[in-house]
Amino acid sequence: MADLRTTDPDPATPHPLDRPDATPTGPRPVEGAAEPAVPGQAPGERAFVPPASLADFAELARAALPAEVWDFVAGGSGTETTLAANRAALDRVAVLPRMLAGVDVPATEAPLPGGRFALPVAVAPMAYQRLLHPDGEVGLAAAARAAGVPYVASTLASTPVEDVAAVGGTVWFQLYWLRDRGMVADLVDRALAAGCAGLMVTVDVPVLGRRLRDVRNGFALPPHITAANLPGGRNDLAHQGTPGVSAVAVHTGAVFAPALSWADLAWLRERTPVPLLVKGILDPRDAVRAAELGVDAVVVSNHGGRQLDGAPGSATVLPEVVAEVGERCAVLLDSGVRSGTDVLRALALGADGVLVGRPLLWALAAGGRAGAEAALVLLAAELRDALILSGCADPAAARALRTLIGG
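The name recorded for the chain in an unreviewed UniProt entry is Alpha-hydroxy-acid oxidizing protein, from Micromonospora terminaliae. What UniProt states about the chain under its Cofactor (unreviewed entry) heading is, verbatim, "FMN". Quoted straight from UniProt, the Sequence similarities (unreviewed entry) entry for the chain says "Belongs to the FMN-dependent alpha-hydroxy acid dehydrogenase family."

Here it is, written out as structure tokens:
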């Protein structure tokens, strides 16, 4: 197995993110607030007061984070055309509500691969969550457990998969394909041994997209943030900052395999006893081929606008993927979801559910685990409102709604 260790960052040279004001604090105190009864909140810690909408967490996070960390999470590749296209594609979807449906309190439960969950939502895989708050992956996984939705642990998590899975709830493991297939097998075995209930392989990162914000910032991880699932994660290339170079891109270029193939996916399907999801599909032909290989779900995704700049917004191609795949496997939407209304739009376009990413990172940055829990409660409330306003008793009914594009 390849040794990924490199020279440790010079301890005498402080990293810009190690400055005293760079680490987000916990939930923001509110004057006069009562002592909370929030799971995971420290005794005496005051309640986190959420904003009015899920999307509003972004500004709270921007105020809490160092500029280079904000750029690392918020940015896309190239000129960020595809990043913008994700929102534009969802905003163009108008849903035709049904009237006189007699819906009082809609249900939000829905099936996703491996079970039935409280929302048609999973927490998207996202790297290095301790960059945003010390609670990191454990805090966000605990919030997902409380919300009754799956949490997808990233290969590039800053907390080992064993610690994330120990939180409980439903944890899926997201796999990046590494140059050493033995290491891929070890990661899969570790995830299964830890109790992960699903495996999500990301197929749209043969190399990291050119993310210009990170290049301009010379972005590198601070020494205390590591790729905790990889051997030598503490001493890797992602810590070696160089002006005009993204150290994260250098690191992934050294460890990711650029030539992932359908044969590799077939090998993974053969040795994976849990539901297998394939993330990063845009062309319906690829979705059909994945379904024919026996995957349990395809995730229509452009990696949040962080890979091929110029790819379409995910919602634009979703209906065609759904039509081509039919009933052969589930179809989930990723990239750009910012509200319960967006979840409704995705369902109306034919998706079985969605992955939610950045808004939950913003909530984590703003309030740690308590912020993430508040965000998922808010998302559930937004979805309930959207369901009742569209005359839907549950997410299954939402999949029968008509949509107009550009309406």
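There is more to say after this.
Along its 12 residues, helix α4 (residues 136-147) runs 17 Å from first to last C-alpha, staying within 8% of the 16 Å computed at 1.5 Å per residue. Of the surrounding elements, those touching the buried residues of α4 are β4 (121-123), β5 (151-153), α5 (161-165) and α13 (358-389).

Here His 239 lies in the loop between α7 (212-217) and α8 (247-255). His 239 sits in the buried class, given a relative accessible area of 5%. Engagement of the side chain of His 239 in a polar contact is seen with the backbone oxygen of Pro 222, the distance being 3.3 Å.

What follows deals with the packing of helix α12 (residues 340-348) against α13. Interaxial distance between α12 and α13 falls to 7 Å at its minimum, and their mutual angle equals 55°. Put simply, α12 runs oblique to α13. For the pair α12 and α13, the crossing hand works out as right-handed. Touching Gly 340, Thr 341, Val 343 and Leu 344 of α12 are Leu 379, Glu 382, Leu 383, Ala 386 and Leu 387, all from α13. Looking at the contact of α12 with α13, its residues break down into 6 nonpolar, 2 polar and 1 charged.

Okay, the packing of helix α1 (residues 57-64) against α13 next. Put simply, α1 and α13 touch, their axes get as near as 10 Å, and they point 155° apart. With respect to their mutual orientation, α1 and α13 come out roughly antiparallel. Between α1 and α13, the contacting residues are Phe 57, Ala 58, Leu 60, Ala 61 and Ala 64 on the first element and Pro 359, Trp 362, Ala 363, Ala 365, Ala 366, Gly 371, Ala 375 and Leu 378 on the second. Here the contact of α1 with α13 is built from residues that sort into 12 nonpolar, 1 polar and no charged.

Those residues of α8 lying buried are Ala 247, Val 248, His 251, Thr 252 and Val 255. Taken end-on, α8 shows its buried residues confined to a sector of 130°, consistent with a single buried face. Of the surrounding elements, those touching the buried residues of α8 are α2 (67-74).

It is worth spelling out the packing of aromatic side chains at this point. Tallied over the entire structure, the rule returns 5 aromatic pairs. Ring geometry for Trp 70 and Trp 362: centres 4.4 Å apart, planes at 20°, overall stacked. A residue pair is termed long-range when its members are at least 10 positions apart, and Trp 70 in helix α2 and Trp 362 in helix α13 qualify at 292 residues. Given a relative accessible area of 5%, Trp 362 falls into the buried group. When the ring centre of Trp 267 is taken as origin, the NZ or CZ atom of Arg 181, which lies over that ring, is 4.4 Å away.

Turning next to the pattern of salt bridges. Per the counting criterion, the structure on display carries 15 salt bridges. One salt bridge in this structure joins Arg 269 and Asp 296, with 2.8 Å as the shortest N-O distance. Taken together, the positions of Arg 269 in helix α9 (residues 262-271) and Asp 296 in the loop between α10 (284-292) and β9 (297-300) put the pair 27 residues apart, joining distant regions of the chain. Taking relative accessible area as the criterion, Arg 269 reaches 17% and is therefore assigned buried. The class for Asp 296 is partly exposed, based on a relative accessible area of 31%. We note a salt bridge from Arg 285 to Asp 283, for which the minimum N-O separation is 2.7 Å. Its relative accessible area of 65% is what places Arg 285 among the exposed residues. The class of Asp 283 is partly exposed, set by a relative accessible area of 26%. Connected via shared salt-bridge partners are Arg 87, Asp 91, Asp 342 and Arg 345.

Cut-offs and rules
Residues numbered from 1 in each chain as written. Predicted model: local features only at pLDDT ≥ 70, side-chain atom pairs only at ≥ 80, totals over all residues. Heavy atoms only, no water. UniProt positions renumbered as here; feature names shortened; annotations may be inferred. Helix = DSSP H or I, 4+ residues; strand = E, 2+ residues; numbered from the N terminus. Expected span 1.5 Å × (residues − 1). Contact = heavy atoms within 4.5 Å. Buried < 20%, exposed > 50% of the residue type's maximum accessible area, 1.4 Å probe, protein only. Polar contact = N/O pair within 3.5 Å; in protein donor to acceptor, adjacent residues only side chain to side chain. Axes fitted to C-alpha atoms, helices over the stretch in contact; angles between N-to-C directions. Parallel < 35°, antiparallel > 145°, perpendicular 65-115°, else oblique. Left-handed = near helix turned anticlockwise from the far one by under 90°. Nonpolar A, V, L, I, M, F, W, Y, C, P; charged D, E, K, R; others polar. Arc of directions from axis to C-beta. Phe/Tyr/Trp six-rings, centres within 6.5 Å; stacked < 30°, edge-to-face > 60°. Lys NZ or Arg CZ within 6 Å of the ring centre and 35° of its normal. Salt bridge = Lys/Arg side-chain N within 4 Å of Asp/Glu carboxyl O.

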